[in-house]
Amino acid sequence: MRLACPLTLAVALTLAAAPGAYAQTSAPERREAGTLIYSGIPEIPVELKSDLQRYRNARSAGFQDWMADGSMLITTRFGETAQLHRVAAPGADRTQITFFAEPVSNATTIPGTDRFAYQRDAGGAENFQTFVAGLTGGAIAITEPGTRNGGPVFSDDGRLAVWTRVERGQSDYDILAMTVGDLATRRVVFEGTGQFSPLDVSPDGTKVLLSQYISVLDVRLWLLDLASGRATRIRESATPVAYSGGEFTRDGRSIITTSDEGGEALRLVQIALDDGGLTPLTEASIWDVDNFDLSDDGRLLAWSTNEDGYSKVAVRDFVTRRALPQPDLPAGVLGALQFSPDGSRLAIGLSTPSSSGDVWSWDVTGGELTRWTRSEVGPLDPATFVTPELVRYPSFDALQIPAFVYRPTTGEGRRPVIIDIHGGPEGQARPGFSANYQQWVADLGAVVIVPNVRGSSGYGKTWLAADNGPLRQQSVQDIGALLDWIATQADLDPERVVVHGGSYGGFMVLASLAAYSDRLAGAVNIFGIANFVTFLQNTEAYRRDLRRAEYGDERDPAMRAVFDRISPIHLTDRMTAPLLVIQGANDPRVPQSESEQIVDAVRAEGRPVWYLLATNEGHGFRKKFNSDGQAEVTNLFFRQVLGVTPTAAGAQ
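Residues numbered from 1 in each chain as written. Predicted model: local features only at pLDDT ≥ 70, side-chain atom pairs only at ≥ 80, totals over all residues. Heavy atoms only, no water.

Chemist: If you had to explain the packing of aromatic side chains to someone new, which residues and values would you point to?
Modeler: For the structure shown, the criterion picks out 23 aromatic pairs. Relative to W485, the ring of Y393 has its centre 6.4 Å away and its plane inclined at 35°; by these criteria the two rings are tilted. Here Y393, found in strand β31 (residues 389-394), pairs with W485, found in helix α5 (residues 472-487); they are 92 residues apart in sequence, far enough to count as distant. Residue W485 is classed as buried on the basis of its relative accessible area of 14%. Residues F532 and Y551 carry aromatic rings whose centres are separated by 5.2 Å and whose planes lie at 50° to one another, so their mutual orientation is tilted. (Phe/Tyr/Trp six-rings, centres within 6.5 Å; stacked < 30°, edge-to-face > 60°. Helix = DSSP H or I, 4+ residues; strand = E, 2+ residues; numbered from the N terminus. Buried < 20%, exposed > 50% of the residue type's maximum accessible area, 1.4 Å probe, protein only.)

Chemist: Any chance you could break down the pairing of strand β33 (residues 415-421) for me, citing the residues and the numbers?
Modeler: Across the seven residues that make up β33, a large majority, seven, are buried. Here β33 pairs with strand β35 (residues 492-502) via six bridges, running parallel. Its bridge partner lying in β35, I419 is registered against V499. Between β33 and its parallel partner strand β34 (residues 447-451), the chain crosses via helix α3 (residues 435-444), and the hand of that crossover is right-handed. (Pairing = 2+ DSSP bridges. Right-handed = clockwise from strand over helix to strand, strands pointing away.)

Chemist: So what's going on with the sheet that holds strand β16 (residues 195-201)? Residues and values would help.
Modeler: A sheet is described by the order of its strands in space; here four strands give the open sequence β16-β17-β18-β19, paired in antiparallel fashion. The open sheet terminates on both sides in strands that have one partner only, identified here as β16 and β19 (230-234). Averaged over neighbouring strand pairs, the angle between their axes works out to 35° when direction is ignored. Relative to strand β18 (residues 218-225), strand β17 (residues 207-215) runs antiparallel, the two being bridged by eight bridges. Of the residues in β18, the one forming a bridge with K207 is D225. (Axes fitted to C-alpha atoms, helices over the stretch in contact; angles between N-to-C directions.)

Chemist: Describe unusual backbone geometry, with residues and values.
Modeler: Between G424 and the following residue, P425, the backbone shows a cis peptide bond with an omega angle of 0°. Checked against the element boundaries, P425 lands in the loop between β33 and α3. Its identity is not glycine, yet R321 carries a phi of approximately 65°, on the positive side. Mapping R321 onto the fold places it in the loop between β26 (310-317) and β27 (333-339).

Chemist: Before we move on, could you go through the packing of α3 against helix α11 (residues 624-641) and cite the residues and values that matter?
Modeler: For the pair α3 and α11, interaxial distance at closest approach is 12 Å and the crossing angle is 40°. Put simply, α3 runs oblique to α11. For the crossing formed where α3 meets α11, the hand is right-handed. When α3 is examined against α11, the residues Q439, W440, D443 and L444 are found in contact with a partner set consisting of T634, N635, F638 and R639. (Parallel < 35°, antiparallel > 145°, perpendicular 65-115°, else oblique. Left-handed = near helix turned anticlockwise from the far one by under 90°. Contact = heavy atoms within 4.5 Å.)

Chemist: Outline the nonpolar core, listing residues and values.
Modeler: I419, I449, W485, I486 and I598 are the most contacted members of the largest nonpolar core, which has 61 residues in total. Element by element, the count of residues in this core is highest for helix α6 (residues 504-516), at nine residues. If near-sequence neighbours (up to four positions away) are discounted, I449 is found in contact with A403, F404, V405, V417, I418, I419, D420, L482, W485, I486 and L492. Counting 37 residues, the second largest nonpolar core, distinct from the first, contains F404, L580, V633 and F638. (Core = buried A, V, L, I, M, F, W, Y, C linked by side-chain atoms within 4.5 Å.)

Chemist: Can you tell me about the pattern of salt bridges, naming the residues and giving the values?
Modeler: One pass over the structure, following the stated rule, counts 38 salt bridges. Put simply, D121 and R622 hold a salt bridge, and the shortest N to O gap is 2.9 Å. With D121 in the loop between β8 (115-120) and β9 (129-134) and R622 in the loop between β38 (609-614) and α11, this pair connects stretches of sequence that are 501 residues apart. Given a relative accessible area of 4%, D121 falls into the buried group. Residue classification places R622 among the partly exposed residues on the basis of a relative accessible area of 36%. Here D553 ties to R555 by a salt bridge, and the two come within 2.7 Å at their closest N and O atoms. The network of salt bridges with shared partners includes D545, R548, D553, E554 and R555. (Salt bridge = Lys/Arg side-chain N within 4 Å of Asp/Glu carboxyl O.)

Chemist: Before we move on, could you go through the side chain of T75 and cite the residues and values that matter?
Modeler: Among the secondary structure elements, T75 is positioned in strand β4 (residues 72-77). We classify T75 as buried; its relative accessible area is 12%. Reaching out from T75, the side chain makes a polar contact with the side chain of Q64 at a distance of 3.3 Å. With near-sequence residues (within four places) excluded, T75 lies in contact with S60, A61, G62, Q64, Q83, L84 and V104. (Polar contact = N/O pair within 3.5 Å; in protein donor to acceptor, adjacent residues only side chain to side chain.)

Chemist: Please provide a residue-by-residue account of the confidence of the model for the protein chain, values included.
Modeler: Averaged over every residue, the pLDDT of the protein chain is 93; residues scoring 70 or more account for 95%. Every residue in residues 1-25 scores below 50 in pLDDT, and together they form 50 contacts with partners more than four places removed in sequence or on other chains. Across residues 647-652, confidence stays below pLDDT 50; counting only partners more than four residues off in sequence or on other chains, it has 14 contacts. (pLDDT = per-residue confidence, 0-100.)

Chemist: Hey, could you go over the sheet that holds strand β28 (residues 345-352) for me, with residue numbers and the actual values?
Modeler: An order of β27-β28-β29-β30 is seen for the four strands of this open sheet, with the pairing classed as antiparallel. In this open sheet, the two edge strands, each paired with only one partner strand, are β27 and β30 (369-371). Here the strands of the sheet are splayed against their neighbours by 25° on average, with no regard to which way each runs. Across seven bridges, the pairing between β28 and strand β29 (residues 355-363) is antiparallel. Along β29, the bridge assignment pairs R345 with D363.

Chemist: Which residues make up the pairing of strand β36 (residues 522-526), and what are the values?
Modeler: Burial of β36 is extensive: five of the five residues sit out of reach of the surface. Alternating positions in β36 separate into two faces, G522, V524 and I526 on one and A523 and N525 on the other, with burial throughout. Pairing between β35 and β36: five bridges, direction parallel. Its bridge partner lying in β36, H500 is registered against V524. Taking the sense of rotation as the criterion, the β-α-β connection linking β35, α6 and β36 turns out right-handed.

Structure below.
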């Protein structure tokens, strides 16, 4: 590996060893290219753009739903954005159905018909609108402009659609219903307080199973009677319980859901609706059941378990409780699990470290696994992709922190390190496909480490709550402990470590930059929280109280004092390592103002910041032009701060 000339780095980033020695003497250069605005960022070398395109054309197939004729609806990208396609049979062509500049998601087939509903927003603002369409012809909007809507659930006969809606500037969600095909029947059937969403319609079409999200550790279930509009809570509890998902059994007298009641992890349970009696369907475990489906005839039950990040699928006869043949899947992460309308096949969406995401089906009686799609990874050879190693390293209080480590398979000596921190914070890094990780390993010769610091999901509710409120900085200390661990590894270079992360992961990046600048070569903050007070005041109203449940309430003086102490905006004098900030202008979750204030504050300290803004994106870049630009800027930044020249890329 050839190191960049120190003088080149000094010119490119205006870097110097001592804080203040590289004071910015003029306004940063600003230029625009399409929908991207570059501030303080050097021109991207043509050869770097060309090199990256090898990795920028990987596609994936995301299962959406079965159609009545046994074909599948999937989403995939053949242009700028992911669009809806139909696959008639295993290995058949992907026939494109939607053709929009904005990505399409959440497609659901209307039972007993050849029609379906899907969702689309504009510019990443997440004001999702729902449309009903068929394989040919136009689409009809069933939601109101200016509102944010959840995807609909349908009655078994396909006549009733039910969905959740929140109006702009409001925090309470209403439940709406409509006779499919008759927009005049659209009506509010329940006015919620907080976030409510429908999970399923009862077999007789008279009731709706609702979920009320208070926090990740407190999710409640309600039964809504459509005739009276009255909702009754299911299985009340004196202590918080988290439920995830829910379906009615075929007789309509009970529901199936996952619950962490009485344990650390989510397990599959059946709850009787008459008396709330609970029957466990899976054994108590340290691992969450994170997906499940009951066949339409009520005879078959399938579920997946998240075991240290990897998905395991099980299938059972729900009537006899007898285990059926189990699919032997490649090691990876499940994206979908759903029985076909006739119950003969189980659709499985799966991503692995070497497969960008494809759809399979499992023949329940024949025990045969069939691949429906084979997504391209561009001109790359999947055999060259690396599989991560799962490690655990000790933190400051002896807690063992799990992390996935992606190492190059060739070359010697100490490697630069990229630490990628997931968002959430109630999220989890899992070993699915990442074109970024594979490219960083191959082109930069870097070791990529993806930790699941305390507060991550997937490791039980005690771990999930371990960073709440005033405990926030302990998760930052988990990154400090990772830096300690890196220094003990013979193949890792503790002098060349970069932190990278988005959303809550962006906060973690900024907090790590403030705490450990002397141990970092650089930091990439993607729409991260700079100031918890302004974040909570400015995030969209529909999610403000939900975020207060996790982070704390800025209106409480004691919590306000904590926020004043830990918010990165108050620690910019300690941020001496180079910083790249990336933001979408329409982000409703972490508003642009969070990035703007951190950029302005660090620049006011006399230190340069690279700042990339996409004018037509929200919480994440979902258009190929923008995501390509993000990759180009990020790679140029990495190559400069880690000391790897573009001409050395890939020559490990």
